[in-house]
Amino acid sequence: YLLGLVLALMINKKGIKGKKVWRTIFVMTIAVPQFVSLLLISRMFGDSGPVNIILQNLGMEPIRFLTDGKIARVMVVIINLWVGIPYTMLITSGILMNIPAELYESARIDGAGVLRTFFKITMPYVLFVTTPYLITQFVGNFNNFNVIYLLTQGDPKSVWLYQAGETDLLVTWLYKLTVTYQ
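Residues numbered from 1 in each chain as written. Predicted model: local features only at pLDDT ≥ 70, side-chain atom pairs only at ≥ 80, totals over all residues. Heavy atoms only, no water.

Colleague: Before we move on, could you go through the overall build of the protein chain and cite the residues and values that matter?
Modeller: Helix and strand counts for the protein chain come out as nine helices and zero strands. Along its sequence from the N terminus, the protein chain presents helices and strands in the succession α-α-α-α-α-α-α-α-α. By the compact-globule yardstick of 16 Å for 182 residues, the protein chain is too spread out, its C-alpha radius of gyration being 21 Å. For the C-alpha atoms alone, the extent of the protein chain along its principal axes is close to 70 × 40 × 25 Å. When the 182 residues of the protein chain are sorted by exposure, 33% land in the buried category. Considering only residue pairs separated by 6 or more positions, the protein chain has 57% of its internal contacts joining residues 24 or more positions apart. Entry remark: accessible area of the protein chain is about 12,000 Å², with carbon and sulfur atoms responsible for 69%. Each charge sign in the protein chain was given a centre, from 15 positive and 9 negative side chains, and these centres are 9 Å apart. (Helix = DSSP H or I, 4+ residues; strand = E, 2+ residues; numbered from the N terminus. Rg over C-alpha atoms; globule rule 2.2 N^0.38 Å. Buried < 20%, exposed > 50% of the residue type's maximum accessible area, 1.4 Å probe, protein only. Contact = heavy atoms within 4.5 Å. Areas by Shrake-Rupley, 256 points an atom, 1.4 Å probe, with all protein chains shown as cover. Lys, Arg positive; Asp, Glu negative; His and termini not counted. Charge placed at Lys NZ, Arg CZ, Asp CG, Glu CD.)

So, in structure tokens, the structure goes:
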């Protein structure tokens, strides 16, 4: 949420060139279906994927992006951010464009600085509108089946987690227990 808000603030700042281009670049992650993006990323960062082939051609050791537990968890978080930030950027961008300019002008006349204006005008407007979105995103991340299952299938396997993989969420673990249990 915060990264999307910062991105929207940067794009909507006066003097930024190519606002439409920047918005288009970030909207592309929304335009492409999420499952397609996740399957593509899982292939790209697989043990024998193009990223590791490039690393090997450069004389480096391959990195187990999705099969090493610690690295896989970090990758899942980064990819989930990459998928989620554009939504927040679009929502907050629309809100920022609709805050009355007179409020900022009045604050400037009253001597308010940039930080005070941000925390007394911008953030209350943004939070008022985005609170339901924040709640649904928070709850949705507990049930983020598609990101985990399409990216890592909950793997790598773990001996101490009762058939749960190191990147499994409760929902993916329960799915594996009910569907693939033999």
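Alright, that's what it looks like, and here's the rest.
Colleague: Hey, could you go over the packing of aromatic side chains for me, with residue numbers and the actual values?
Modeller: Aromatic ring pairs are reported here in terms of the distance separating the ring centres and the angle at which the planes meet. Per the stated rule, a full pass over the model turns up five aromatic pairs. An angle of 75° between the planes, with centres 4.9 Å apart, marks the rings of Phe-45 and Phe-65 as edge-to-face. A residue pair is termed long-range when its members are at least 10 positions apart, and Phe-45 in the loop between helix H3 (34–44) and helix H4 (50–57) and Phe-65 in the loop between H4 and helix H5 (69–97) qualify at 20 residues. The exposure class assigned to Phe-65 is buried, which follows from its relative accessible area of 11%. Here Phe-118 and Phe-119 contribute two aromatic rings whose centre-to-centre distance is 5.0 Å and whose plane-to-plane angle is 80°, an arrangement assigned as edge-to-face. (Phe/Tyr/Trp six-rings, centres within 6.5 Å; stacked < 30°, edge-to-face > 60°.)

Colleague: Hey, could you go over the pattern of salt bridges for me, with residue numbers and the actual values?
Modeller: A full pass over the atoms with the stated rule returns three salt bridges. The shortest N-O distance in the salt bridge between Asp-155 and Lys-157 comes to 2.8 Å. On the accessibility criterion, Lys-157 (61% relative accessible area) is exposed. The partner of Lys-176 in a salt bridge is Asp-168, and the shortest N-O contact between them spans 2.7 Å. (Salt bridge = Lys/Arg side-chain N within 4 Å of Asp/Glu carboxyl O.)

Colleague: Provide a residue-level description of the nonpolar core, including the pertinent values.
Modeller: Core analysis: the biggest nonpolar cluster contains 14 residues, and Leu-5, Leu-7, Met-89, Leu-96 and Val-126 have the highest contact counts within it. Contributing elements (two or more residues each) for this core: helix H1 (2–12), H5 and helix H7 (114–142). If we skip the residues at most four places from it in the chain, Met-89 touches Gly-4, Leu-7, Ala-8, Ile-11, Arg-23 and Phe-26. Membership of the second largest hydrophobic core comes to 13 residues, among which are Leu-66, Val-83, Val-147 and Leu-151. (Core = buried A, V, L, I, M, F, W, Y, C linked by side-chain atoms within 4.5 Å.)

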